[in-house]
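Commentary on secondary and tertiary structure
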Amino acid sequence: MPRTTLTFLLVLGALGTQGCIQTLAIRSVGGILDNGFEVFNEETDLPLAENALGSNLKLLEALIKGDPDNRQLLMLASQGYSAYALAFAEDEDEERAKLFYLRGRDYGLRVLSQNKAFRSAMNGDAAAFQQALRSFSKSDVPALFWTAFGWAGYINLARTDLEAFAQLPKVNAMMEFVLQHDPAYYYGGAHLYFGSILGSTPTALGGKPEQAKEHFEKALAANGGKFLMSYVYYAKTYAVQTQDRPLFESLLKRVEDSSLDILPEARLPNAVAKKKARLLSERVHDFFLE
Amino acid sequence: MKTICLTALLALILLSHSTAQQYTIKFATIAPEKTTWYNVMKEYDAAVRKESGGRLGFQIYAGGVLGDEKAVLRKIRVGQLHAGGFTGVAMGEIAPRVRILDTPFLFRNYDEVDHIYKQFEKDFEQAFQQGGFVLLGWAEVGFVHVFTNTPVNKPDDLKRIKLWTWEGDPVAETAFRALGISPIPVAFPDVLTSLQTGLIDAFYTPPYAAIQLQWHTRAKYMIETPISDAAGAVLIAKSYFDKLPADLQEILLRNGRQYLSKITRLAREDNRKAIEQIQKAGLTIQKVDEKELPLYIEAGKRARRMLVGRLYTEEFLTSVEKAVEDFRKNSKASQ
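In what follows, the accompanying structure is described. (Residues numbered from 1 in each chain as written. Chains lettered and ligands numbered in written order. Predicted model: local features only at pLDDT ≥ 70, side-chain atom pairs only at ≥ 80, totals over all residues. Heavy atoms only, no water.)

Let's talk about the packing of aromatic side chains
Scanning all chains against the criterion turns up 43 aromatic pairs over all chains. Here A:Phe216 and A:Tyr234 contribute two aromatic rings whose centre-to-centre distance is 4.7 Å and whose plane-to-plane angle is 15°, an arrangement assigned as stacked. On the criterion of sequence distance, the pair formed by A:Phe216 in helix H12 (residues 209-223) and A:Tyr234 in helix H13 (residues 229-241) is long-range, its members being 18 residues apart. For the pair A:Phe216 and A:Tyr234, a shared accessibility class is recorded, and that class is buried. Here a set of aromatic residues connected by ring pairs shows up, and it is made of A:Tyr101, A:Phe145, A:Trp146, A:Phe149, A:Tyr185, A:Tyr186, A:Tyr187 and A:Phe227. Here A:Arg105 stacks its cationic end above the ring of A:Trp151, 5.2 Å away from the centre of that ring. Sitting over the face of the ring of B:Phe316, B:Arg97 holds its NZ or CZ atom 4.9 Å from the ring centroid. (Phe/Tyr/Trp six-rings, centres within 6.5 Å; stacked < 30°, edge-to-face > 60°. Helix = DSSP H or I, 4+ residues; strand = E, 2+ residues; numbered from the N terminus. Buried < 20%, exposed > 50% of the residue type's maximum accessible area, 1.4 Å probe, protein only. Lys NZ or Arg CZ within 6 Å of the ring centre and 35° of its normal.)

Structure (structure tokens):
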């Protein structure tokens, strides 16, 4: 009953229990919430997951107010908001999605900013930023990945926001770090990122479809072909840019045909992938000449 | 009761018939979805659909999925597509004389640009028609700046840089030769890689594009004085346009002028903002010494002469140059 425990602890906090006890309590909650996320990721019913994730994110934020430097809570909020944007807002209401991606990014930045070198280089140029990334190690991969994920998600939707777009080299540098230190993290997430970036740029503007394909294949190898979002991005970017309609259709069919139980711990992202695959196949006439 | 039902049914049939789209213009652009360019094209599409009662609309292929401009041009010529967004190199294949707009140091500000576009509109429209296209509207790319990795204080400094030139673009190549530079031709998609390997260390592009292509990450300086103003336009195959009923032609053209000029306006705004971002990214905006300016302007004149016969007639060049001079004098006089 994680929810009950959480609420109880929150009430305890609100009642004005001594500060250190409150902090201790919240710290122990981190672990519960961590398991809570597992429960979310196993959920196949999208509306249920949407409601539950939404209310728990607010709860998380309340906890963060009481313990503003707690890395675990900040990480959960970062991942939670970005996941919410991707799963429940991006295809329905882009303005909401942009807002949530930014929250995801900003909670992640709060974790990363605990590193002094990063904090001072964050608003500097790309070279200084890249230099600062060297002060991180493999254990920082999750924070870097989810921060970059939220940031990239925002840039991708806010294509008219030039100031945001100009920051893309920084996001690339963070994902490059993930790629070098833990390429298998989050189902080969960094490979999926670079596959999408290189695959969606038109070859006329320097897109690299062959490199994109390699990244997608490596992501699929990392997740055993079971993380269905891989096929969705493969279809949406590489298959469209190379005008390979049979590949586009077979990738999306693969998503449609896959059981949600192939990867129980990723039932939710896979259910979201199925939704995105359906939306994408409805738009086939926008991508290929009839 | 029966009559009412019948009338309603008839009205429904008529309505569904009149809203069935009869003409779908297949249009391709390199601009990705969600960009200003794409968003305004969607507004154009919505306006056309509304005014035509759903008889006319666009099918937009964004993000260069159907290839670069030259590929789009080929697809239009064989009838697979009907319209496209084009810039200099492809426009030059359709209507060579239009490329006069891209020549170096012709314009100093957007007022001059607007004036010449307006004064010579009929000439350019006619040139497009001779090339088999109808102009739906200009969609300017904007002032082009040179980006370098070493400071450029005078034209001679340009001779020491390894400047890229777009393979197969006679205007850029001639412009640089007139400045005494031997540029290095590289295909457009390979520019970023060539900047990384050091094959080239300088390039030219509008500031907005520099950020979109991330080329700005490979430069230390941007020269403030633009070398040219890159033209752009949305063109539709004349063969397709001629088949449209007159009322749809009118709707298409009127809205085209309106929405595409909005793209031009927003592109200018984006280029201005891009320069701010470029400075934030650590690049220095390099001012050109007033004393050196005439050297560039003279080089521009020489370059324009070198293209006579290849892209336009001497007579046309003289008339455009004179119109710019006159406008400049008049605007100075009125100040």
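What about the pairing of strand E3 (residues 83-87) of chain B?
Residues and elements named next belong to chain B. Of all the five residues making up E3, four are buried; the element is thus mostly covered by neighbouring parts of the structure. As paired strands, strand E1 (residues 23-28) and E3 are joined by two bridges and run parallel to one another. Note that in E3 the partner of Ala28 across the bridge is Gly84. The pairing of E3 with strand E11 (residues 232-237) spans five bridges and is antiparallel. Bridge pairing in E11 links Gly84 to Leu235. (Pairing = 2+ DSSP bridges.)

Remarks on the nonpolar core
Core analysis: the largest hydrophobic core is formed by 204 residues, its most contacted members being A:Phe248, B:Leu101, B:Phe128, B:Trp138 and B:Leu252. Those residues within four positions of B:Phe128 in sequence are excluded, and the remaining contacts are B:Met91, B:Ile94, B:Ala95, B:Val98, B:Phe133, B:Leu135, B:Trp138 and B:Leu235. (Core = buried A, V, L, I, M, F, W, Y, C linked by side-chain atoms within 4.5 Å. Contact = heavy atoms within 4.5 Å.)

With respect to the sheet that holds E11(B)
Working definition: the strands of a sheet are paired by backbone hydrogen bonds and lie parallel or antiparallel to each other. Residues and elements named next belong to chain B. With mixed pairing, the five strands of this open sheet are ordered in space as E2-E1-E3-E11-E4. Each having just a single partner strand, strand E2 (56-61) and strand E4 (133-138) make up the two edges of the open sheet. Recorded for the sheet is a direction-independent mean angle of 30° between the axes of neighbouring strands. One ladder, built from six bridges, connects E1 with E2; its direction is parallel. When the sheet's bridge partners are listed, Phe27 is paired in E2 with Ile60. Against the sheet, helix H3 (residues 69-77) touches E1, E3, E4 and E11, its axis set at about 145° to E3. (Axes fitted to C-alpha atoms, helices over the stretch in contact; angles between N-to-C directions.)

What to know about the interface of chain A and chain B
Listed by partner, the interface residues are 29 residues for chain A and 36 residues for chain B. Sorting the residues of chain A by area buried against chain B places A:Arg159, A:Leu162 and A:Leu289 first, and these three jointly supply 27% of that buried surface. Inspection of the region where chain A meets chain B yields three salt bridges. Put simply, chain A and chain B have seven residue pairs in polar contact (both at pLDDT 80 or more) between them. Along the lines of polarity and charge, the residues of the side of chain A that touches chain B split into 13 nonpolar, eight polar and eight charged. (Buried area = accessible area lost by both parts, 1.4 Å probe. Salt bridge = Lys/Arg side-chain N within 4 Å of Asp/Glu carboxyl O. Polar contact = N/O pair within 3.5 Å; in protein donor to acceptor, adjacent residues only side chain to side chain. Nonpolar A, V, L, I, M, F, W, Y, C, P; charged D, E, K, R; others polar.)

Quick word on the environment of B:Pro151
Residues and elements named next belong to chain B. Relative to the helices and strands, Pro151 resides in the loop between strand E5 (142-148) and helix H7 (155-158). In this structure Pro151 comes out as partly exposed when scored by relative accessible area, which is 41%. A C-alpha to C-alpha distance of 8.4 Å links Pro151 and Lys220, two positions 69 residues apart in sequence. Leaving out residues up to four positions away in the same chain, Pro151 has contacts with Asp157, Tyr221 and Gln286.

What about unusual backbone geometry?
Residues and elements named next belong to chain B. Despite not being glycine, Lys34 shows a phi value in the positive range, around 75°. Within the element layout of this structure, Lys34 appears in the loop between E1 and helix H2 (36-51). Residue Gln214 is not a glycine yet carries a positive backbone phi of 60°. Inspection of the secondary structure puts Gln214 in the loop between helix H10 (207-212) and strand E9 (221-223).

Some words on helix H5 (residues 94-112) of chain A
Residue and element names in this part refer to chain A. With 19 residues, H5 should cover 27 Å at 1.5 Å per step; its first-to-last C-alpha distance of 27 Å lies within 8% of that length. Taken together, the buried positions of H5 are Ala97, Lys98, Phe100, Tyr101, Gly104, Arg105, Tyr107, Gly108, Leu109, Val111 and Leu112. Contacts from the buried residues of H5 go to helix H3 (46-66), helix H4 (71-89), helix H6 (116-121), helix H8 (141-157) and helix H10 (168-181). (Expected span 1.5 Å × (residues − 1).)

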